[in-house]
Amino acid sequence: MTTPVTGVANALAANGVGQRLLALLPLGALLWMVVAFPVARGWLVTGYLAYALLLWRRPTSWLFVLPAALPVLNLEAWSGRQYFNAFDGLILVTLTVLLWRRPAVMPSLPRTAQRMLVFYCAAYAVSLLVGLFPLSPLDPDAFANIFSHYNALRLAKAFVLALALLPWLDDALTNARDASGTLAWGMTVGLLLLCLVIVMERYLFPGLFDLTNGHRVLGTFASMSTGGAALDASLVTAIPFLVAALLRRPGPLKLLLFVIVFALAGYAVLVTASRAPLVALLIEGLVLAVFVISGRQGSSRWWVRALVVAIGGILVCGAIALPFMVRSLTSERFRTIVADSGVRLDHWADSVSMLERTPLHLLFGMGIGSFPERYLWHHLGKDQPSTYRIASEQDEWFLRMGSGSGMRLTQKAVIEPATEYTLKLRARGAVAVSRIAICELWLTNSRYCHFIRIGDRGTGEPATQWRELQFTFNSKEIGQPIGNLSRLLRRGTALSLIGPEAGNDALDIDDVRLYDVAGTNLLNNGDFAAGLDNWLYSSDDHLALHAKNLFVHTLLEQGVSGLLGLFALVAIAVATMVRGAAAGDGFQPVLLAAMAGLFTIGLIDSLVDQPRIGWLLYLLLFTALNGANARRSAR
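Residues numbered from 1 in each chain as written. Predicted model: local features only at pLDDT ≥ 70, side-chain atom pairs only at ≥ 80, totals over all residues. Heavy atoms only, no water.

Chemist: Would you take a moment to explain empty space enclosed by the protein for this structure?
Modeler: Empty space among the atoms becomes visible once a probe the size of a water molecule is rolled across them. Applying the stated criterion across every chain, the model contains seven cavities of 30 Å³ or more. The space that makes up the largest cavity amounts to roughly 310 Å³. As for the largest cavity, its lining consists of 27 residues, of which Arg-154, Ser-223, Asp-609, Gln-610 and Pro-611 are closest to the centre. At the level of elements, helix H9 (151–164), helix H20 (371–378), strand E10 (536–539), helix H21 (550–582) and helix H23 (611–625) are the ones that each hand at least two residues to the lining of the largest cavity. For the lining of the largest cavity, the class distribution of residues is ten nonpolar, eleven polar and six charged. (1 Å grid on protein atoms, 1.4 Å probe; cavity = no way out; pocket = protein on both sides within 12 Å on 5 of 7 lines; lining within 4 Å. Points joined across faces, edges and corners; volume = space filled by probe spheres on them. Helix = DSSP H or I, 4+ residues; strand = E, 2+ residues; numbered from the N terminus. Nonpolar A, V, L, I, M, F, W, Y, C, P; charged D, E, K, R; others polar.)

Chemist: Quick question: what am I supposed to make of the nonpolar core here?
Modeler: In a soluble, globular protein the nonpolar side chains are often hidden away together inside. One finds Trp-62 and Trp-615 to be the most contacted residues of the largest nonpolar core, which totals 143 residues. Tallying contributions element by element places H21 first for this core, with 13 residues. Trp-615 has contacts with Leu-66, Leu-70, Phe-87, Ile-91, Ala-158, Leu-161, Ala-162 and Leu-165, leaving out every residue within four places of it along the chain. Ile-415, Ile-452, Ile-454 and Val-512 belong to the second largest nonpolar core, which has 37 residues in total. (Core = buried A, V, L, I, M, F, W, Y, C linked by side-chain atoms within 4.5 Å. Buried < 20%, exposed > 50% of the residue type's maximum accessible area, 1.4 Å probe, protein only. Contact = heavy atoms within 4.5 Å.)

Chemist: I would appreciate a short explanation of the pattern of salt bridges in the present structure.
Modeler: Close approach of charged atoms allows side chains of opposite charge to pair. Throughout the structure, instances matching the rule amount to 14 salt bridges. Note that Asp-533 and Arg-81 form a salt bridge whose closest N and O atoms lie 2.7 Å from each other. In this pair, Asp-533 sits in the loop between strand E9 (507–515) and E10 while Arg-81 sits in the loop between helix H6 (76–79) and helix H7 (86–101), placing the two residues 452 residues apart along the sequence. Of the two residues, Asp-533 and Arg-81, both sit in the buried class. Between Arg-374 and Glu-356 there is a salt bridge, and its shortest N-O distance comes to 3.1 Å. With Arg-374 in helix H20 and Glu-356 in the loop between helix H18 (337–353) and helix H19 (359–364), this residue pair connects regions lying 18 residues apart in the sequence. (Salt bridge = Lys/Arg side-chain N within 4 Å of Asp/Glu carboxyl O.)

Chemist: Looking at this model, I keep getting lost on unusual backbone geometry. Mind explaining?
Modeler: With an omega of -5°, the peptide bond running from Phe-133 to Pro-134 counts as cis. A positive phi angle, close to 60°, is found at Ala-273, a residue other than glycine. Structurally, the position occupied by Ala-273 is in the loop between helix H14 (252–271) and helix H15 (276–294). Classification of Ala-273 as buried rests on a relative accessible area of 3%. One non-glycine residue with positive phi stands out, namely Gln-394, at about 55°. As for its placement among the helices and strands, Gln-394 is situated in the loop between strand E1 (388–393) and strand E2 (396–401).

Chemist: Before we go on, may I ask you to explain the pairing of E10 in this structure?
Modeler: Each regular strand shows side chains that alternate between the opposite faces of the sheet. Here E10 shows a buried face lined by Leu-536 and Ser-538 and a second buried face lined by Tyr-537 and Ser-539. Of the strand pairs in this sheet, strand E3 (residues 407–412) and E10 are connected by four bridges, and their pairing is antiparallel. Its bridge partner lying in E10, Leu-409 is registered against Tyr-537. (Pairing = 2+ DSSP bridges.)

As structure tokens, then:
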């Protein structure tokens, strides 16, 4: 039976010219992104070209490269680009090369899975249009503001890019040699790189074993500057793939590497100070244990060896976890679990109440990417979150920061210790209550801050009048060396614009410049003519930006059709993985454990409102749906 999905794929494959013309779409998007990217253009172009050459020679290498790069290829803290970032560029390179290089022939998924996928795609497309329209003006604010209707594109790219790769994913899993092993190694390498970044973050800021410090690691996930559990999701999803990569046909070196990476991952999970990852790891362990002991995994020696390694891993993690559970931020978080659960339940009920009871919205939701805007309108005048936008006046752009709780815009800048600096800017509005901070900073976690209060407006000066402001300060201990590794590692430094607290006027800011003693301006895009390029948005009001539950989020933004479609796809995937595991496919229990961990995090986080994690979720879901074809091909 030919379905719409296979029909389109086979039609493209039959027309090589048409497929190569289609490759110009991701290529054009890639060129547009790179040319306008505010940082590291040379490095990105070099990396993309090297990857394109590798992909041309080894068309299935993307199954390793993309999962390995996903946790660490993130320049958002420097670029300020929330909508289109460096990892998106890597996927666009993949699509360009594969469309030009290989036919997009997609073997049929199981019939039920394919029909449900078509249904979900159609429902998703409607929800995307609901969220996207009416279109906002294409100005510097359009792709800088998460309250914009174009936020639909920011979130939808995760599903669209994963779906675009589906033909080659199915082809690799069905026909390529050990494609599942390639994916497992990519996830393992990504996990190792992420753990090393977390170790570096801990070393630079609170210290590796300072258990009482309130520093909660963020790793490379700049999107967590507005909350969410992207780091938790990345860690717990990748950990089961260690089993597939390192415990299949293990040797002494693989076992040693497994213990090292497993210990690093255990440490990384604990220093997140989050509770859900520990629950997710327990569930993953139970899933693997059930299939290792009861499944047909070969000789008894295999599962005995795996069980011994698992017990050893548990003991290693237990030794690492003990001090964290006795007296640490992690233990404090467990003590507040009851109170936090009440807050979370109230927030879910509040989020569901934002769904309008009309046929369109009940079926297709309020639209992809609509949660921040819906929450804002739902709470006008009461618990109203802070907002920002790039506004214009007489053809001149400037930043407008509304009042609220803990909103900041931060730009990286190299600050030397004990050095004089001069800060200049134009401001109006809530000047008297506004501050600027110069800090040592890891995304949002800071230390050694120097605060500058902008000052009052002056006698008789109206709030609508722009003021030219200038401040001179000494950086003192900010940017100071760190022991013997100061030449290799140093804490990042940054300048942050802090929005006015709730109940105050909005603050307008323009022409922000920070000069060193040589008269060099250390900041870029201080006039905001390029939107929020180079500025990272962060907010302490996390509930205003996230539904904090994957299924509540899906119901609000995609309606009943989207929620039922997601449930159905997940149910089909789980059934496929269980059947595969029962038939002796050793990769299926690993994939099932990873998805169980990911959806456990989804019970306390939206997941798909952070695009990299959304893309990973859909990639693994599509991988699971392919399981039946992969087993038929292997026979």
